[in-house]
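# Architecture and fold: a report
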Amino acid sequence: MADSNTSKSWLKILIELVEVYFKSSRSSNRKRTWHQHVVPFDEGWAVRREGNKRITSKHRKQSTAINKAKSLAKKHKADVIIHRADGTIRDRINYD
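Since the model is a prediction, treat every value here as computed from it, not as a measurement. (Residues numbered from 1 in each chain as written. Predicted model: local features only at pLDDT ≥ 70, side-chain atom pairs only at ≥ 80, totals over all residues. Heavy atoms only, no water.)

## Quick notes on the sheet that holds strand S5 (residues 89-94)
- Sheet architecture is open: 5 strands sit in the order S3-S2-S1-S4-S5, paired in mixed fashion. The open sheet terminates on both sides in strands that have one partner only, identified here as strand S3 (57-59) and S5. Sheet twist, expressed as the mean angle between neighbouring strand axes with direction ignored, is 20 degrees.
- Two elements, strand S4 (residues 79-83) and S5, share 5 bridges in a ladder whose sense is antiparallel. Across the sheet, the residue bridging to His83 is Ile89, located in S5. (Pairing = 2+ DSSP bridges. Helix = DSSP H or I, 4+ residues; strand = E, 2+ residues; numbered from the N terminus. Axes fitted to C-alpha atoms, helices over the stretch in contact; angles between N-to-C directions.)

Written as structure tokens, this is what we have:
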């Protein structure tokens, strides 16, 4: 049979771990944004939602990607961030 001191200490550790987990989950409860980035992709351009690794759509021309990003940003009252071919930011359009 387990020693009562040992079981109390394990119980105390478990409670502390659960408390830390819930505190961290509350603090990282940030609202996700719908900002749309127009970025260089392969031989063309892509639209990517801010914070996502996956692209939303890919296009041959930057102007087509910008139009797609604008329609998404208007729908979600977000921004369009347009990048240059080297990845730097060229322009930002706000649809709040």
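Additional details are given in the paragraphs that follow.
## Describing a nonpolar patch on the surface
- Where nonpolar side chains cluster on the molecular surface, the patch consists of Leu11, Leu14, Ile15, Val18, Tyr21 and Phe22 and spans about 600 Å² of accessible area.
- With respect to the helices and strands, Leu11 occurs in helix H1 (residues 4-27). (Patch = residues over 30% accessible without salt bridge, like charges linked within 9 Å, V, L, I, M, F, W, Y side chains within 5 Å. Areas by Shrake-Rupley, 256 points an atom, 1.4 Å probe, with all protein chains shown as cover. Salt bridge = Lys/Arg side-chain N within 4 Å of Asp/Glu carboxyl O.)

## Details of helix H2 (residues 62-76)
- Along its 15 residues, H2 runs 21 Å from first to last C-alpha, staying within 8% of the 21 Å computed at 1.5 Å per residue.
- Along H2, the positions that sit buried rather than exposed are Gln62, Ala65, Ile66, Ala69, Leu72 and Ala73. Looking straight down H2, one finds its buried side chains confined to an arc of 130 degrees; they lie on one side. Among the exposed residues of H2, those oriented more than 90 degrees off its buried face are Lys74 and Lys75.
- Tucked into the core, H2 has its buried residues touching strand S1 (36-41), strand S2 (44-49), S3, S4 and S5.
- Lys77, located one to two residues past H2, shows a positive phi value of around 50 degrees. (Expected span 1.5 Å × (residues − 1). Buried < 20%, exposed > 50% of the residue type's maximum accessible area, 1.4 Å probe, protein only. Arc of directions from axis to C-beta. Contact = heavy atoms within 4.5 Å.)

## Topic: the nonpolar core
- Judged by nonpolar contacts, Val38, Trp45, Val47, Ala65, Ile66, Ala69, Leu72, Ala73, Ala78, Val80 and Ile82 together constitute the single largest core of 11 residues.
- Looking at this core, the elements with two or more residues in it are S2, H2 and S4.
- Considering each element in turn, this core owes the most residues, 5 residues, to H2. (Core = buried A, V, L, I, M, F, W, Y, C linked by side-chain atoms within 4.5 Å.)

Coordinates in, geometry out; function isn't part of it.
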